[in-house]
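# Descriptive analysis of the structure
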Amino acid sequence: MQYDRIDANILALIQKNNRLTSEVIGEKVGLSATATQRRLKRLRSEGIIEADVSIVSAKAVGRPIQMLVLVTLERERSDIIDKFKQDIKSSPEIATGFYVTGDPDFLLYITARSMEDYEQFTRRFFYDNPHIKSLKTMVVVDRVKSGFVVPVEDPYGD
């Protein structure tokens with residue numbers, strides 16, 4: 001996966017606003033709309049752009065309770081880890097999941113309608129799983145920053 005200076009500029013722009021048209025992006029980076037579309041298509045096909053998303057307010061859609069949950073598995077076996085990863089991917093309550101190093105094995109960002117809703121989810125998702133050794137829940141008081149913007153370096157250092 002390689003990209004050039006123009007690609008880096010395109011990536012910086014669409015990370016801030018993925019609704020920009022090819023015409024607007026092209027004007028800002030010095031390309032035609034068609035050339036911009038070709039670059040965007042290549043960046044997507046090569047996996048440099050993984051997804052085009054909108055950040056939705058959990059509160060606005062009735063899920064005001066937000067938690068960060070640290071999960072430690074009983075054993076670190078590849079089949080157990082792979083199964084838990086699949087469980088994370090198939091659970092709509094889990095917005096984001098990371099497999100991490102250190103004491104916990106996973107860090108999860110979960111939303112819920114209420115604490116009762118979260119308790120039911122916890123019983124179903126965590127307590128019924130015999131491979132989970134422990135979990136620690138931290139309730140989010142205030143979401144200070146939300147997004148997926150990754151600093152994109154100019155590959156040529158300019």
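Placed above this text is the structure.
Residues numbered from 1 in each chain as written. Predicted model: local features only at pLDDT ≥ 70, side-chain atom pairs only at ≥ 80, totals over all residues. Heavy atoms only, no water.

The subject of this paragraph is helix α4 (residues 78-89). Given a rise of 1.5 Å per residue, twelve residues ought to cover 16 Å, and the 16 Å separating the end C-alpha atoms of α4 matches this to within 8%. Among the residues making up α4, those that are buried are I80, I81, F84, D87 and I88. Projection of α4 onto a plane perpendicular to its axis shows the buried side chains occupying an angular sector of 120 degrees, all on one side. Projecting away from the buried face of α4 at angles above 90 degrees are the exposed residues S78 and K89. Of the surrounding elements, those touching the buried residues of α4 are β1 (65-73), β2 (94-99), β3 (106-112), α5 (115-127) and β4 (132-139). (Helix = DSSP H or I, 4+ residues; strand = E, 2+ residues; numbered from the N terminus. Expected span 1.5 Å × (residues − 1). Buried < 20%, exposed > 50% of the residue type's maximum accessible area, 1.4 Å probe, protein only. Arc of directions from axis to C-beta. Contact = heavy atoms within 4.5 Å.)

One pass over the full model with this rule turns up seven aromatic pairs. Both rings, one in F84 and one in F125, keep their centres 5.7 Å apart while their planes meet at 50 degrees; by these two values the pair is tilted. Pair noted here: F84 is in helix α4 and F125 is in helix α5, with a separation of 41 residues, a long-range link. On the basis of relative accessible area, F84 is assigned to the buried category, the value being 2%. Ring-pair connections join several aromatic residues into one group, and the members of that group are F84, Y99, F106, Y118, F121, F125 and F126. (Phe/Tyr/Trp six-rings, centres within 6.5 Å; stacked < 30°, edge-to-face > 60°.)

Glancing now at the side chain of E93. Turning to its location among the elements, E93 is positioned in the loop between α4 and β2. Take E93: its relative accessible area is 18%, and that puts it in the buried class. Setting aside residues no more than four positions away along its own chain, E93 makes contact with R63, Y109, I110, T111, F121 and R124.

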